[in-house]
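Each chain, written out:
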Amino acid sequence: LLSRDVVDPPITSPTANTIWNVGQTQTVTWQTTGLPVNQTNPSGMLVLGYMYNNSENLMLNSPLATNLNYSVGQAQITVPNVPTRTDYIVVLFGDSGNASPEFTI
């Protein structure tokens, strides 16, 4: 097996005080400091989910964005038509997943 980077950049937006509205364009951001210069797997995807019974329930079949380059540090998404909840999370996937704080849609 070849050696691979493990990339786990913290999500900086949305935050716990964030409120999104269905149909809006929003920007999800994450830290890029400390990323390897030559990443072995530089692309990832953003997935919406929610917390329930201390478990992440991720909408893997309908990612918010795909083929993201971690080095960019942001992605614009359109808020999907989902029920109102106060426990939504956004998870950045690639080598490793990293979830935002819970927020409201």
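The following paragraphs examine the structure supplied in this document. What you are looking at is a predicted structure, and each value in this text was computed from that prediction instead of being measured.

**Things to note about unusual backbone geometry**
For the bond from S13 to P14, the omega torsion is 20 degrees, close enough to zero to count as cis. Of note in this structure, N53 is not a glycine but carries a positive phi near 55 degrees. With respect to the helices and strands, the residue N53 is situated in the loop between strand 3 (43–52) and strand 4 (55–58).

**Some points on the side chain of D87**
On the secondary structure map, D87 appears in the loop between strand 6 (74–78) and strand 7 (88–93). Accessibility expressed as a relative area gives 13% for D87, which makes it buried. In terms of polar contacts, D87 uses its side chain to reach the side chain of R85, at 2.7 Å. Once you skip the residues sitting within four places of it in the chain, D87 turns out to touch G49, Y50, M51, E102 and F103.

**Some thoughts on the pattern of salt bridges**
In this structure the tally under the stated criterion is one salt bridge. Its salt-bridge partner being D87, residue R85 comes within 2.7 Å of it at the nearest N-O pair. Accessibility expressed as a relative area gives 25% for R85, which makes it partly exposed.

**Some thoughts on the pairing of strand 7**
With five of its six residues buried, strand 7 lies for the most part within the structure. When strand 3 meets strand 7, the two strands line up antiparallel, connected through six bridges. Its bridge partner being in strand 7, L48 is matched across the sheet by V90. Here two bridges tie strand 7 to strand 8 (residues 98–99), and the two strands are oriented antiparallel to one another. Bridged to L92 within strand 8 is N98.

What counts and how
Each chain carries its own residue numbering, running from 1 in the direction its sequence is written. Totals for whole chains, interfaces and linings use every residue, but because this is a predicted model, local features are given only for residues with pLDDT of at least 70 and side-chain atom pairs only at 80 or more, for both listing and counting. No hydrogens and no water enter the side-chain calculation; it runs on all heavy atoms of the structure. Secondary structure follows DSSP: runs of H or I at least 4 residues long count as helices, runs of E at least 2 residues long count as strands, and numbering of each begins at the N terminus. Any residue under 20% of the maximum accessible area for its type is buried, any over 50% is exposed, and the rest in between are partly exposed; the area is computed with a 1.4 Å probe on protein chains only. Any pair of N or O atoms that falls within 3.5 Å is considered a polar contact. Within protein, one atom must be able to donate a hydrogen and the other to accept it, and sequence-neighbouring residues count only if both atoms are side-chain atoms. Contacts: residue pairs with any heavy atoms within 4.5 Å of one another. Each reported salt bridge corresponds to a side-chain nitrogen of Lys or Arg within 4 Å of a carboxyl oxygen of Asp or Glu. Two strands pair if DSSP finds at least two bridges between them.

Without other data, these values stay purely geometric and don't point to any function.
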